[in-house]
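For reference, the chains in residue letters:
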Amino acid sequence: MACAGIDGESLEQFEVNLKGNLYKLWNRMSSGSYHPPPVMRVEIAKADGGTRNLGIPTVSDRIAQMVVKLLIEPELEQHFHPDSYGYRPDKSAHQALLKAKERCSKRAWVLDMDIKGFFDTIDHKLLMKAVKRHVKEEWQLMYIQRWLTAPVQFQDGSIEARAIGTPQGGVISPLLANLFLHYVFDVWVEKHQPRVQFERYADDIVCHCSSEAEAQRLKEIFDSRFKSCGLELHPEKTKIVYCKGGYNKGEYKTVNFDFLGHTFGPKLIRTRTGRFGLYFQAFISAKKAKMIRQEIKGWYWYYWLQKDITDIQAYSRSRLQGWLNYYGLFGKGIIKNVLFYFDLRLSRWAKRKYKKLRSLTQAAKRVNQIRKENPKLFPHWQNFAMKKDWTRRAV
């Protein structure tokens, strides 16, 4: 997390006296006198209109958490389930997505589960019980307990004690959250429902079922299991999904689900024979596509009116490449169409900057020409077949 905590000290400021600051932190931790300061509460807007609460520790506290995390993670990693993918070394979202796609092709139903307010509702007593099974050093246990109970400081300066949850935004929080769900879900499923195949990325869980009846039965079982551990399945976001193509419209209530920024669902595709059909595919979700467009819209387009296109390239290249890499997993065509919005904004920038371009169509043609002459200028321009109606789409 790049922003400062409640003390306002940034990483750059901490590094000014790096040796001295690290010595003071080491001295306090080694003597047992280190007490984590309150975490700063920051609310992040979610796509569904709600907010996500983040708890931002100070830079010193992040370093302290990292020390303990690096010491206990190798032990925990030996026990974690192979189908747990979130926030783990040598595990990735792409691995989870590929496994989900593979299993959707073999089992026709999915139970898509979302835990309501997961990070804010973790039971400390149950979590520490799991921690003590693996962490034996008393000083590590002491600091983990202190981090769990560190108070929250709000924007108005008020402070609130915390007896439940682990702050989303802390360095050690994802590891502790994984350990909690390892025992609440992964180990329990392996013992009591061994036929169930699942992918879990933190609290985002997809289970594959052979029938709708099996999915409904598992939903009831898991709902009861989570409640017994102080958690609750989100009533609207948890759903049973039919995940095969070629169905008749209206035959099934729910035919798609979102997982890690991708929608898994039927898509009309033209085959090599020229025929169209519904095939179950994975592609960037509409929610994430909208977020990308909104982010591009908020870039410094007016500031860049006094700059060159190379300045736009310097700012945007890594961001465009990141989206292309992540959402291009199942084919780059769809994400490149999403990134066409960048080309549209670039055309509008060109129209405002160069007065000889009297219309958006003329500006689009100019950008199109630059694209042909220098396809490596932006990542999504490379190896992308030009459409005949490209300039028409920009109007």
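Residues numbered from 1 in each chain as written. Predicted model: local features only at pLDDT ≥ 70, side-chain atom pairs only at ≥ 80, totals over all residues. Heavy atoms only, no water.

Asker: Can you help me understand the overall build of the protein in this one?
Answerer: Each helix and strand counted, the protein has 14 helices and eleven strands in total. Along the three orthogonal principal directions, the C-alpha set of the protein runs to about 70 × 60 × 35 Å. The long-range fraction of contacts in the protein, counting pairs at least 24 apart against all pairs at least 6 apart in sequence, stands at 66%. Averaging the coordinates of the 66 positive side-chain charges in the protein and doing the same for the 40 negative ones gives two points 10 Å apart. (Helix = DSSP H or I, 4+ residues; strand = E, 2+ residues; numbered from the N terminus. Contact = heavy atoms within 4.5 Å. Lys, Arg positive; Asp, Glu negative; His and termini not counted. Charge placed at Lys NZ, Arg CZ, Asp CG, Glu CD.)

Asker: What's the story with unusual backbone geometry in this structure? I'm lost.
Answerer: Only a minority of non-glycine residues have a phi that is not negative, and only a minority of peptide bonds are not trans. Unusually for a residue other than glycine, Tyr87 sits at a positive phi of about 55 degrees. With respect to the helices and strands, Tyr87 occurs in the loop between α3 (59-77) and α4 (93-104). The backbone phi angle of Ala202 is positive, close to 60 degrees, even though this residue is not glycine. Owing to a relative accessible area of 8%, Ala202 belongs among the buried residues under this scheme. (Buried < 20%, exposed > 50% of the residue type's maximum accessible area, 1.4 Å probe, protein only.)

Asker: What exactly am I supposed to notice about the sheet that holds strand β3 (residues 109-114) here?
Answerer: Each strand in a sheet pairs with another by means of backbone hydrogen bonds, the pair being arranged parallel or else antiparallel. The four strands are arranged β6-β7-β3-β8 in an open sheet whose pairing can be described as antiparallel. Each having just a single partner strand, β6 (197-201) and β8 (239-242) make up the two edges of the open sheet. Neighbour-to-neighbour, the strand axes of the sheet open up by a mean angle of 20 degrees, direction not taken into account. The sheet contact formed by β3 and strand β7 (residues 204-209) spans six bridges and is antiparallel. Residue pairing in the sheet places Asp112 in a bridge with Val206 of β7. Against the sheet, helix α7 (residues 173-192) engages β3, β6 and β7, with an angle of about 175 degrees to β6. Most of the contacts of helix α8 (residues 212-228) go to β3, to which it runs at about 20 degrees, and overall it touches β3, β7 and β8. (Pairing = 2+ DSSP bridges. Axes fitted to C-alpha atoms, helices over the stretch in contact; angles between N-to-C directions.)

Asker: What is the right way to read the confidence of the model for the protein from this model?
Answerer: If pLDDT is low for a region, its predicted coordinates should not be looked at in detail. This prediction gives the protein a mean pLDDT of 92; 95% of its residues lie at or above 70. For the stretch residues 385-395, pLDDT sits under 50, and the model shows 22 contacts to residues farther than four places along the chain or on other chains. (pLDDT = per-residue confidence, 0-100.)

Asker: Explanation requested: the packing of helix α9 (residues 286-297) against helix α10 (residues 309-327) in the structure shown.
Answerer: Helix-helix packing: each pair is described by the crossing angle between the helix axes and the interaxial distance. Where α9 contacts α10, the axes come no closer than 12 Å and their chain directions differ by 175 degrees. One way to sum up the angle between α9 and α10 is to call them roughly antiparallel. Where α9 approaches α10, its residues Lys288, Ile292, Glu295 and Ile296 are matched on the opposing element by Arg319, Trp323 and Tyr327. When the residues that make up the contact of α9 with α10 are grouped by side-chain class, the tally is four nonpolar, no polar and three charged. (Parallel < 35°, antiparallel > 145°, perpendicular 65-115°, else oblique. Nonpolar A, V, L, I, M, F, W, Y, C, P; charged D, E, K, R; others polar.)

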